[in-house]
Amino acid sequence: MIKTISRLRYKYWPDHMVGEVLQKPWMETVVPLAVLVFTIAFFSFQIDNFISTANLSDIFRQASELGFVVLGISIVLIVGGIDLSVASIFALCNLLVLYCMHVWQLPLAASVGITLLGGALLGSVNGILIGYFRMRAFLTTMVTLIVFKSIHDLINVKVAMPISSSFPDSPMWDRMGYGSILSVPTAVWAFGVVALFCHILLTRLRPGWWLLAVGGNRRSAYNIGLPVNRIVALSYVASGALAGASAIFYAARLASPGADTGSGLEITVLTAAILGGIRLGGGKGSVMKAILGTLIILLLTNGLLRMATPAGTSRIILATILLLAAALDIRWFKNRHKAVQELYVSPAYLDLPRLPEDVAAPNSAYAPNDRLREVETIGLGEVEAPEDVILDNDDNLYCGNRHGEVIRFFAPDYKRHEVYARIGGQPLGMAFDAGGTLYVCVGGMGLYRVTAEREVELVTDETNRSFLSVIDDSRLKLADDLDILPDGRILFSEATVRYEMHEWQTDALEGRGNGRIIMYDPKTQKTTTALRKLIFPNGIVLGSDGQSILFAESWNCSIKRYWFDGPKEGEVEVVIANLPGYPDNINVASDGNYWLAIMGMRSQVFDLAMRKPGFRRRMAKQLPGDEWLAPNINTGCIVKFNEAGEILDVLWDMQGENHPMITSMREHKGYLYIGGISNNRIGRIKLDGVDETFVSSGKYHVG
Amino acid sequence: MAWMKPLFQVENTMLDSLLSWIGSRGNTRGKSLSISVFDGALKPNNLLEEADTLVENAGFSDLVVGAENRLLAACGTAVVEISTAGDLIDVAQFGEAVTALTELADGRLAVGLGDKVVIGAGTGTETTVDTVADRKLTAVTALYAAPDGRLLVCDGSRSYGCEDWAWDLMGKKRDGRLIAIDPKGGDAQVLASGLGYAFGAFASDETGVLVSETWNHRVSQMSDKGVRPAIDRLPGYPSRFAPAPNGGFWLSLFCSRTQLVEFVLKEDDYRSEMMETIDPRYWISPSFGSGKDYLEPLQGGGVKQMGILKPWAPPRSYGLLVRFDANLAPQYSLHSRVGGKNHGICAVAQVGDTLYALAKGSGRILKISIPKTRATLFGEDAA
């Protein structure tokens with residue numbers, strides 16, 4: 001009873017989503033978001049009408065004004081600097097716009113323009129000193145803070161009277177100050193537009209990426225040729241301009257040339273930025289964080305004010321919350337990847353049929369022998385990780401290696417070799433089309449082809465994103481094997497969407513249906529996912545009817561058939577259900593049957609572990625990867641089977657001396673060529689009594 | 001003698017247990033799973049793998065030096081003498097497999113036959129002991145002739161014979177006993193019980209009576225207050241002892257530890273189903289020898305890359321032999337690393353300058369020159 005419940009729980013509860021959600025980049029902001037939600041909740045309990053339209057409207061208006069400055073200082077923080085002078089720039093711009101509107105009675109647009117320009121100019125003083133003269137940001141902006149404040153105090157004495165004694169004649173001005181559009185305050189609209197623009201700039205436009213690059217590592221940014229000085233200077237200009245924008249809305253609302261305008265603003269703004277989670281060290285930050293920080297600060301000050309807390313206590317509370325929030329955020333920032341690591345591996349319940357008792361018996365279909373002991377080696381020690389091998393019509397041998405190259409060995413003795421093409425990644429399954437173009441599945445990159453002129457071209461590296469998947473599965477993580485169909489389309493397998501190629505052991509431990517089979521149509525150049533939720537689909541080969549493919553599901557130890565055409569299109573049936581090992585590549589044999597590489601043998605202990613997801617999850621958490629149970633890929637064999645699922649022949653190397661690990665084999669003109677992804681050699685064995693003119697690839701055109 | 005404090009200090013075991021208990025609650029990362037590393041005197045080498053083979057026979061199970069430096073071994077159901085050339089000469093035949101062997105000071109043989117001890121077989125004064133303190137002997141794993149004339153007997157388990165040691169380990173049993181038998185009268189006295197599988201005993205004037213507690217990875221020492229750990233947190237499963245000149249001794253360890261085994265020992269559901277449904281040869285447990293059968297479990301680090309099995313991969317079997325001095329401090333060690341054949345060292349004997357070690361994983365008795373070993377490890381002068 002408990003076992004059934006446990007089995008159902010592991011089958012249907014989507015606990016793989018926890019880890020997947022955690023590794024999303026936007027999860028970084030989860031701490032400030034939590035603080036914000038907590039603040040709102042707390043104050044709405046304590047104060048009546050905290051969440052009323054009037055109150056919120058007022059809060060959002062103030063938040064927008066503050067938000068402009070926070071945006072500005074965020075940009076400076078992202079670049080790795082700091083701007084303390086925003087308070088004085090704010091005060092000076094306040095005076096400037098009030099003078100323009102009240103005294104000179106300029107039209108609104110001109111006043112706004114002049115003020116923004118004024119703010120930018122003031123910011124450029126910082127920018128030139130810090131960006132071009134390489135002065136220290138903290139010291140310089142502190143000095144400009146004091147200097148600009150002094151200028152403000154000097155000017156204020158003179159202009160305060162003229163400003164207070166006249167009024168601007170501009171309904172738009174009043175609208176900006178305390179009006180609304182569609183019952184949302186004007187300031188909020190303006191801030192929304194600017195914030196959206198900044199978000200798009202930071203995340204999707206090149207100048208924004210340059211900002212993040214300079215902040216992340218200034219030396220590297222310089223080395224790749226970015227104009228670092230200009231970028232830093234411009235960020236201070238932006239900060240000044242945004243402080244000016246904030247001053248405009250402040251002036252429109254209050255029309256007050258007060259002596260202490262903007263005093264203490266730099267502290268509030270820095271607090272908001274840090275509360276939102278923007279690192280002081282630079283290189284990380286987002287508009288969302290700035291907004292969250294602003295909202296938290298404003299809600300806190302507003303709420304504490306409404307609760308009639310004395311000013312000192314209010315500041316102490318603010319400071320304490322800042323400390324706690326900052327500490328929590330730093331902890332989360334540093335440890336999120338650890339949480340992801342712990343929670344990402346979500347083993348599933350995989351109940352394989354029991355291994356037949358007599359698999360290793362001498363008279364069983366899989367009886368071990370030593371037929372691979374006599375394998376000749378090609379390229380021993382010269383090639384590393386040849387996962388798949390293929391030969392062309394001239395008998396030259398091609399294989400991939402783990403340095404991202406396709407290597408060609410020259411017929412007839414295969415003693416000379418050269419780099420045929422350099423693709424990158426790890427070339428896995430290969431197939432020739434009728435024109436001599438080599439199609440290669442490259443692990444970590446996608447489906448590529450090498451033309452007969454040795455040009456490397458991308459065929460496809462993305463497919464349609466599935467709607468309900470948290471992971472962005474439109475990218476191809478592990479394209480494994482392919483086959484070219486008679487109508488020119490290509491079907492290829494993607495072994496897993498949750499793990500990279502070097503993490504295949506973790507996928508084996510999960511045993512979850514993370515893989516899929518993908519169809520590429522060269523006529524429309526569209527890539528679509530044909531089959532989902534397969535357990536590490538690996539080898540693919542065209543069936544004899546030309547309407548279906550046989551494919552291997554490695555951890556499921558089975559071979560299945562999928563109809564891509566004809567009356568049975570879309571159906572899947574099992575061909576062999578209970579292999580004694582993990583199947584890898586499948587290729588055709590000269591007599592119409594199929595060769596199958598079994599890359600590793602099943603063991604009872606591992607099969608038992610696949611029925612105990614909790615055991616595997618605890619193992620993944622408590623033990624390092626080297627200590628986990630792993631599928632035994634140190635021993636493999638080659639199996640010949642027919643479409644009815646009967647085993648016709650088996651070739652082993654029991655000692656594992658000559659050919660330790662097998663992932664693929666290819667029959668060509670009377671010989672069987674063997675590849676293995678953990679090997680440093682290719683094997684070749686003579687087959688007796690087979691068609692010596694047989695070539696296994698290159699029958700169909702693509703397109 | 002007993003006042004020489006062992007340099008291998010043992011910490012407060014209560015604090016240790018408390019911390020382990022705390023560590024095992026919740027999903028903490030293995031403080032309770034951590035194992036000692038090979039370092040210092042136990043730094044790995046491949047001396048056992050490179051050693052010469054004296055003789056090879058799958059039936060060997062124990063080794064001892066008798067009078068006049070003759071080398072005696074238990075081989076299948078017989079006790080044989082091994083000549084310096086490696087020929088086996090029959091000394092005594094028994095009806096069951098011989099599991100332990102020693103020679104008493106008066107030249108009589110004492111053998112363990114699984115569930116009994118036979119002293120003086122073939123002479124007129126043959127004695128058989130099969131029950132001590134109302135409990136039958138079940139797994140006589142080791143015998144030792146103490147200098148004071150007593151015969152020390154290790155009875156490893158209450159429930160399983162010598163061949164089924166894996167059941168005792170994975171069942172988390174702690175039923176080992178150390179027994180002292182008076183060879184003249186035949187009366188037996190239990191020196192210690194509740195041991196984690198007694199697999200070797202030793203006694204000398206300098207060290208006192210030592211017993212190896214295999215499942216607890218330690219060597220315990222008998223004192224007036226009972227048994228207490230003397231060499232703790234060994235990185236392997238200690239087995240039998242052999243005396244060495246100057247009061248020290250050799251300790252053989254038949255396998256080294258891996259975190260996976262410690263983990264499985266904590267996982268009751270998985271472990272019980274594994275024990276019920278799978279052949280013990282294929283359990284997640286240490287082994288005397290491995291690498292021939294592809295049905296054995298494999299750990300991630302044991303996957304071959306470019307045809308090479310890395311020597312520091314998690315071991316299913318290992319060869320380890322450590323030389324201790326009279327203060328119970330390790331001096332140096334000989335290893336056969338992962339991927340080697342000479343694993344499962346469970347008996348050792350020193351004759352003059354030559355060391356003989358029994359590697360049960362390969363069925364070989366290895367012959368090692370001690371001066372050459374010391375020269376390799378410490379430089380030419382130390383030999």
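Above this text is the structure in question.
Residues numbered from 1 in each chain as written. Chains lettered and ligands numbered in written order. Predicted model: local features only at pLDDT ≥ 70, side-chain atom pairs only at ≥ 80, totals over all residues. Heavy atoms only, no water.

A.B. asks: Tell me about the packing of aromatic side chains, and name the residues and values.
C.D. replies: Think of a pair of aromatic rings as described by two things: how far the centres are apart, and how the planes are tilted against each other in angle. Under the criterion given, the structure shown has 38 aromatic pairs over all chains. Judged by centre distance (4.9 Å) and plane angle (75 degrees), the ring pair of Y398(A) and Y420(A) falls under edge-to-face. On the criterion of sequence distance, the pair formed by Y398(A) in strand 5 (residues 397-400) and Y420(A) in strand 7 (residues 417-422) is long-range, its members being 22 residues apart. Comparing Y398(A) with Y420(A), the two get one shared label, buried. When the ring of Y197(B) is compared with that of W215(B), the centres are 4.5 Å apart and the planes differ by 25 degrees; the resulting orientation is stacked. On the criterion of sequence distance, the pair formed by Y197(B) in the loop between strand 15 (188-195) and strand 16 (198-204) and W215(B) in the loop between strand 17 (208-213) and strand 18 (218-223) is long-range, its members being 18 residues apart. (Phe/Tyr/Trp six-rings, centres within 6.5 Å; stacked < 30°, edge-to-face > 60°. Helix = DSSP H or I, 4+ residues; strand = E, 2+ residues; numbered from the N terminus. Buried < 20%, exposed > 50% of the residue type's maximum accessible area, 1.4 Å probe, protein only.)

A.B. asks: Account for the pattern of salt bridges, naming residues and giving values.
C.D. replies: Inspection of the entire model under this criterion finds 53 salt bridges over all chains. Here E267(B) ties to R618(A) by a salt bridge, and the two come within 2.6 Å at their closest N and O atoms. Note that E267(B) is positioned in the loop between helix 4 (259-266) and helix 5 (268-277) and R618(A) in helix 18 (residues 613-622), a pairing that runs across two chains. Residue class for R618(A) comes out partly exposed when judged on its relative accessible area of 37%. The partner of D115(B) in a salt bridge is K116(B), with the nearest N and O atoms 3.8 Å apart. (Salt bridge = Lys/Arg side-chain N within 4 Å of Asp/Glu carboxyl O.)

A.B. asks: How would you explain the environment of F60(A) if you had to name every residue and give the values?
C.D. replies: All names here are of chain A. As for its placement among the helices and strands, F60 is situated in helix 4 (residues 53-79). It is 48 Å that separates the C-alpha atoms of F60 and E494, two residues lying 434 residues apart in sequence. Leaving out residues up to four positions away in the same chain, F60 has contacts with V188 and L295. (Contact = heavy atoms within 4.5 Å.)

A.B. asks: Please provide a residue-by-residue account of helix 4 of chain A, values included.
C.D. replies: Residue and element names in this part refer to chain A. With 27 residues, helix 4 extends 37 Å between its outermost C-alpha atoms, agreeing within 8% with the 39 Å of an ideal straight helix rising 1.5 Å per residue. At L66, helix 4 shows its maximal bend, which comes to roughly 30 degrees. A large share of helix 4 lies buried, amounting to 21 of its 27 residues. (Expected span 1.5 Å × (residues − 1). Bend = angle between axes of the 7 residues up to and from the residue.)

A.B. asks: Help me get a handle on the side chain of R240(B), residues and values and all.
C.D. replies: All names here are of chain B. For R240, the position within the fold is in strand 20 (residues 236-243). Within polar-contact distance, the side chain of R240 engages the backbone oxygen of T99 at 3.1 Å. Of note is the side chain of R240, whose polar atom sits 3.0 Å from the backbone oxygen of C346. (Polar contact = N/O pair within 3.5 Å; in protein donor to acceptor, adjacent residues only side chain to side chain.)

A.B. asks: Explain a positive patch on the surface to me, and be specific about the residues and the numbers.
C.D. replies: A cluster of basic residues, R134(A), R136(A), R218(A) and R219(A), forms a positive patch on the protein surface. One can find R134(A) in the loop between helix 6 (108-132) and helix 7 (137-165). (Patch = residues over 30% accessible without salt bridge, like charges linked within 9 Å, V, L, I, M, F, W, Y side chains within 5 Å. Areas by Shrake-Rupley, 256 points an atom, 1.4 Å probe, with all protein chains shown as cover. Lys, Arg positive; Asp, Glu negative; His and termini not counted. Charge placed at Lys NZ, Arg CZ, Asp CG, Glu CD.)

A.B. asks: Account for the pairing of strand 27 (residues 364-369) of chain B, with residues named and values stated.
C.D. replies: Residues and elements named next belong to chain B. Relative to strand 27, strand 1 (residues 52-56) is paired through 4 bridges, and the arrangement is antiparallel. If you follow V55 over to strand 27, its bridge partner there is I365. Direction of pairing for strand 26 (residues 354-359) relative to strand 27: antiparallel, over a ladder of 6 bridges. Within strand 27, the position partnered with T354 by the bridge is S369. Connecting strand 26 to the antiparallel partner strand 27 that follows it, the hairpin turn spans 4 residues, and G363 within it adopts a positive phi of roughly 70 degrees. (Pairing = 2+ DSSP bridges.)

A.B. asks: So, the interface of chain B and chain A: which residues are in play, and what are the values?
C.D. replies: Contact with chain B, which involves 38 residues of that partner, is made by 43 residues of chain A. The contact between chain B and chain A buries some 3400 Å² in all, and 55% of this surface belongs to carbon and sulfur atoms. When the buried area of chain B at its contact with chain A is split by residue, Y270(B), Y294(B) and M306(B) rank highest and sum to 25% of it. Counting the contacts that link chain B with chain A gives 4 salt bridges. (Buried area = accessible area lost by both parts, 1.4 Å probe.)

The values are spatial; any link to function lies outside them.
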